[in-house]
Amino acid sequence: MSSLKRSILRQRPRLLYAGIGGDAARTAEVSEIVFISKGSGKAEIGEHAFPFAAGDLLLFNRGCEHKETFDTSVDARELIFIGIGNLHILGLSPDALLKDREFYLIHTDSFADTLRTYTTQLVAETEGTQPMHEAVAESLLRIVLLLSLRLAAFDASLTFGENADYVRAKEYFDEHFTEIDDVSDVCKSLYVNKYYLSHLFTKETGMPPVKYLISKRIELACKLLETSDDNVADIGAKCGYTDPCYFNRVFKKVKGLTPLRYRYLFKEKNK
């Protein structure tokens, strides 16, 4: 085993099961890798659905309830599932395939054919009787696992990695910033860990999600103060603040003056 394998896989993973199937609903009793070899559909995780297509790779932590459903309009439908035990990846807790999340979907793009070959052969070896088929299956498992980890951790251009997660979260904030009551609710909607979301926003914007939310609201408030004659309470409500006093406090903390003073100075400057 190479030094890279030794550094990432802290112990030898064990193949618990592998097979080929179609629609499936189950709880991952162990960490699982699912490769979509044919067709398209969606993976349902709790109340959330994630679309997938042929060539996509789905990673599940142990205990994650999931259901893969193929589009009925597609004739060719096939997924390859692999259950892994004795798993210990560098930086993760034992038997965990992912950090800070239960589920990960990867668009493998140019790696799709490679993964299709390895996963299909892996299943064939587990069902075969050829000499050394168990040893071959074990080696194929390590290859598939390492490829999956590389795609998930090191190739953001091919995955729903940090950049894509940030774009998705930022789009949600930009569209719903006046409606968001609790950032934790956003995390549930986007299926991301709140600490991970905070890391993404701090890394990309220089501020945590709550501060970004406030900045969006105050930006809108300034625009409304400048372009409308609405009273301050109504403007605060339009920006997500039902309590006028709280709106005044937040606005003053961000801008250094009250909303009324801001409006007055803006009008004076633009006479």
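Scroll up to find the structure.
Rules behind the numbers
Residues numbered from 1 in each chain as written. Predicted model: local features only at pLDDT ≥ 70, side-chain atom pairs only at ≥ 80, totals over all residues. Heavy atoms only, no water. Core = buried A, V, L, I, M, F, W, Y, C linked by side-chain atoms within 4.5 Å. Buried < 20%, exposed > 50% of the residue type's maximum accessible area, 1.4 Å probe, protein only. Helix = DSSP H or I, 4+ residues; strand = E, 2+ residues; numbered from the N terminus. Contact = heavy atoms within 4.5 Å. Axes fitted to C-alpha atoms, helices over the stretch in contact; angles between N-to-C directions. Parallel < 35°, antiparallel > 145°, perpendicular 65-115°, else oblique. Nonpolar A, V, L, I, M, F, W, Y, C, P; charged D, E, K, R; others polar. Salt bridge = Lys/Arg side-chain N within 4 Å of Asp/Glu carboxyl O. Phe/Tyr/Trp six-rings, centres within 6.5 Å; stacked < 30°, edge-to-face > 60°.

Peer 1: For the nonpolar core, give the residues involved together with the corresponding values.
Peer 2: Ranked by size, the top nonpolar core spans 31 residues in total, and within it Ile-33, Leu-59, Ile-82, Ile-89, Leu-97 and Leu-145 carry the most contacts. At the level of elements, strand S3 (31-38), strand S6 (56-60), strand S8 (78-85), strand S9 (103-107), helix H2 (112-127) and helix H3 (133-154) are the ones that each hand at least two residues to this core. Those residues in contact with Leu-97 that lie beyond four places of it in its chain are Ser-31, Glu-32, Ile-33, Leu-59, Phe-60, Asn-61, Leu-87, Ile-89, Leu-92, Leu-145 and Leu-149. Core analysis: the second largest hydrophobic core is formed by 17 residues, Cys-187, Val-192, Leu-197 and Met-207 among them.

Peer 1: Tell me what's going on with the packing of helix H7 (residues 209-227) against helix H9 (residues 244-255), and back it up with residues and numbers.
Peer 2: Between H7 and H9, the shortest axis-to-axis distance is 10 Å and the interhelical angle comes to 95°. Taken together, H7 and H9 sit at an angle that is classed as roughly perpendicular. Of H9, the residues touching H7 (which contributes Ile-214, Ile-218, Ala-221, Cys-222 and Leu-225) are Phe-247, Val-250, Phe-251, Val-254 and Lys-255. Each residue belonging to the contact of H7 with H9 can be placed in one class, and the counts come to nine nonpolar, no polar and one charged.

Peer 1: Residues and numbers for the pattern of salt bridges, please.
Peer 2: Counted according to the given criterion, the structure contains eight salt bridges. The partner of Arg-116 in a salt bridge is Asp-113, with the nearest N and O atoms 3.0 Å apart. Within this pair, Arg-116 and its partner Asp-113 are both found in helix H2, separated by three residues, close to a single helical turn. A residue is classified by how much of its surface remains accessible, and Asp-113, at 55% relative accessible area, is exposed. Two residues, Glu-138 and Arg-142, come together in a salt bridge whose shortest N-O distance is 3.3 Å. Placement of both Glu-138 and Arg-142 in helix H3 is noted, with a separation of four residues, approximately one turn of the helix. Of the residues examined, Arg-142 reaches a relative accessible area of 14% and is grouped as buried. Because the salt bridges share partners, they merge into one network encompassing Arg-12, Glu-138 and Arg-142.

Peer 1: Explain the packing of aromatic side chains to me, using residue names and the numbers behind them.
Peer 2: How two aromatic rings sit relative to each other is given by the distance of their centres and the angle of their planes. For the structure on display, the rule yields eleven aromatic pairs. A centroid spacing of 5.2 Å and a plane angle of 55° characterise the contact between Phe-201 and Tyr-212, whose relative ring orientation is tilted. Separated by eleven residues along the polypeptide, Phe-201 in helix H6 (residues 194-205) and Tyr-212 in helix H7 bring together distant segments of the chain. Pair check on accessibility: Phe-201 and Tyr-212 agree, each one buried. An aromatic cluster of three or more residues is present, and its members are Tyr-241, Tyr-246, Phe-247, Phe-251 and Tyr-262.

Peer 1: So what's going on with unusual backbone geometry? Residues and values would help.
Peer 2: One non-glycine residue, Asn-86, lies in the positive phi region at around 50°. Tracing the chain through its elements places Asn-86 in the loop between S8 and S9. According to the relative accessible area criterion, Asn-86 is partly exposed, its value standing at 37%. For Asp-95, which is not a glycine, the phi torsion comes out positive at approximately 70°. Inspection of the secondary structure puts Asp-95 in the loop between S8 and S9.

Without other data, these values stay purely geometric and don't point to any function.
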